[in-house]
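Listed here are the chains, written in short residue letters.
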Amino acid sequence: MTVVLDSPTRTQLRDPVVLLNAVRPHVREYTYNVLESPGSAGVTIWEREIKLLMRDNVMVRDMAERILGQAVAYTVTAMERRDVHIGVGKIVDIGVHQLILDTPVYFALCEVYNGGTYKHHAPLIERRRDGLVGRTAEVIRANGFAVDEELWSMDATDCSPCDDKVPDSH
């Protein structure tokens, strides 16, 4: 007799909001600016980064959330998958730069997701035209994240300026 067990194959996707908010206890520098200053008090790290994106890039909230979600997915994947070269296009890079510019939060991201080692951002001057952005979306999906196809396909032909030659950089 053969018994077939029906097992759900649905896997749960990783949530960029949860992953970003998880770094809060690891924010140790400039804590007043990040956690207590006017506009920051009582908000999550996710909400802080959304507010900064909207302040500096004149975005509507929906677009800021989409970009930040993909930026977190990219950044965490770049930290966890050092064996694979990945890079972003112009749109998602807005969110990546937001994370990097908020250095206390970025240091905490590096502590939690990059084993405590700083992950450098060392872009090339010229953008690449080799399909890296499309391949990156697939690596992010394989790393357990939902991929916003529209954001990644917008820059598919005007690829990332990211370089894999600098040790531990993206």
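Since we're looking at a predicted model, the values are computed, not measured.

What counts, and where the lines are drawn
Residues numbered from 1 in each chain as written. Predicted model: local features only at pLDDT ≥ 70, side-chain atom pairs only at ≥ 80, totals over all residues. Heavy atoms only, no water. Core = buried A, V, L, I, M, F, W, Y, C linked by side-chain atoms within 4.5 Å. Buried < 20%, exposed > 50% of the residue type's maximum accessible area, 1.4 Å probe, protein only. Helix = DSSP H or I, 4+ residues; strand = E, 2+ residues; numbered from the N terminus. Contact = heavy atoms within 4.5 Å. Salt bridge = Lys/Arg side-chain N within 4 Å of Asp/Glu carboxyl O. Axes fitted to C-alpha atoms, helices over the stretch in contact; angles between N-to-C directions. Parallel < 35°, antiparallel > 145°, perpendicular 65-115°, else oblique. Nonpolar A, V, L, I, M, F, W, Y, C, P; charged D, E, K, R; others polar. Expected span 1.5 Å × (residues − 1). Phe/Tyr/Trp six-rings, centres within 6.5 Å; stacked < 30°, edge-to-face > 60°.

**Observations regarding the nonpolar core**
So, step 1. Leu20 and Trp152 are the most contacted members of the largest nonpolar core, which totals 41 residues.
So, step 2. Among the secondary structure elements, those contributing two or more residues to this core are helix 1 (16-21), helix 2 (31-36), helix 3 (45-57), helix 4 (61-80), helix 5 (90-101), helix 6 (103-113), helix 7 (132-142) and helix 8 (149-154).
So, step 3. Examining the composition of this core, we find that 10 residues originate from one element, helix 4, more than from any other.
So, step 4. Excluding anything up to four places from it in sequence, Trp152 contacts Gln70, Tyr74, Gly87, Val88, Val92, Val133, Thr136, Ala137, Ile140 and Val147.

**Quick word on the pattern of salt bridges**
So, step 1. The tally for this structure, following the rule as stated, stands at 13 salt bridges.
So, step 2. Between Glu80 and Arg14 there is a salt bridge whose closest N-O contact spans 2.7 Å. With Glu80 in helix 4 and Arg14 in the segment before helix 1, this residue pair connects regions lying 66 residues apart in the sequence.
So, step 3. In this structure Arg14 comes out as partly exposed when scored by relative accessible area, which is 25%.
So, step 4. For the salt bridge of Arg48 with Glu49, the shortest nitrogen-to-oxygen distance reads 3.9 Å.
So, step 5. Looking at Glu49, the relative accessible area reads 0%, which means it is buried.
So, step 6. Taken together, the salt bridges that share partners define one network made up of Glu47, Arg61 and Glu65.

**Quick notes on the packing of helix 4 against helix 5**
So, step 1. Contact pair helix 4 / helix 5: the axes reach a minimum separation of 8 Å and the direction vectors enclose 70 degrees. As far as their axial angle goes, helix 5 and helix 4 are roughly perpendicular. From helix 4, Ile67, Leu68, Gln70, Ala71, Val72, Tyr74 and Thr75 reach across to helix 5, where they touch Ile91, Val92, Ile94, Gly95, Val96 and Leu99.
So, step 2. Of the residues that constitute the contact of helix 4 with helix 5, the class distribution is 10 nonpolar, three polar and no charged.

**Description of the side chain of Asp148**
So, step 1. Among the structural elements, Asp148 can be located in the loop between helix 7 and helix 8.
So, step 2. For Asp148, a relative accessible area of 16% gives the class buried.
So, step 3. With residues near it in sequence (within four places) discarded, Asp148 still touches Arg66 and Gln70.

**Looking at unusual backbone geometry**
So, step 1. Phi is positive for Tyr30, which is not a glycine, with a value near 55 degrees.
So, step 2. With respect to the element layout, Tyr30 can be found in the loop between helix 1 and helix 2.
So, step 3. By relative accessible area, which is 59% here, Tyr30 ends up exposed.

**Overview of the side chain of Thr77**
So, step 1. Inspection of the secondary structure assignment puts Thr77 in helix 4.
So, step 2. In this view, Thr77 contacts Ile86, Val139, Ile140, Asn143 and Phe145; residues no more than four positions away in its chain are not counted.

**A closer look at helix 4**
So, step 1. If you check helix 4, its first and last C-alpha atoms are 28 Å apart, about what 20 residues at 1.5 Å a residue would give, namely 28 Å.
So, step 2. The element helix 4 is extensively covered by neighbouring structure, given that 14 of its 20 residues are classed as buried.

**Brief notes about the packing of aromatic side chains**
So, step 1. Applying the stated criterion to the full structure yields two aromatic pairs.
So, step 2. Note on Tyr106 and Tyr118: the rings are 5.5 Å apart at their centroids and 85 degrees apart in plane angle, and the pair reads as edge-to-face. Of this pair, Tyr106 sits in helix 6 while Tyr118 sits in the loop between helix 6 and helix 7, and the two are 12 residues apart along the sequence.
So, step 3. Accessibility expressed as a relative area gives 1% for Tyr106, which makes it buried.
So, step 4. Of the residues examined, Tyr118 reaches a relative accessible area of 33% and is grouped as partly exposed.
So, step 5. Geometrically, the ring pair formed by Phe107 and Tyr118 is edge-to-face, given 5.6 Å between the ring centres and 85 degrees between the ring planes. Here Phe107, found in helix 6, pairs with Tyr118, found in the loop between helix 6 and helix 7; they are 11 residues apart in sequence, far enough to count as distant.
So, step 6. An aromatic cluster is defined as three or more aromatic residues linked by ring pairs; in this entry it consists of Tyr106, Phe107 and Tyr118.

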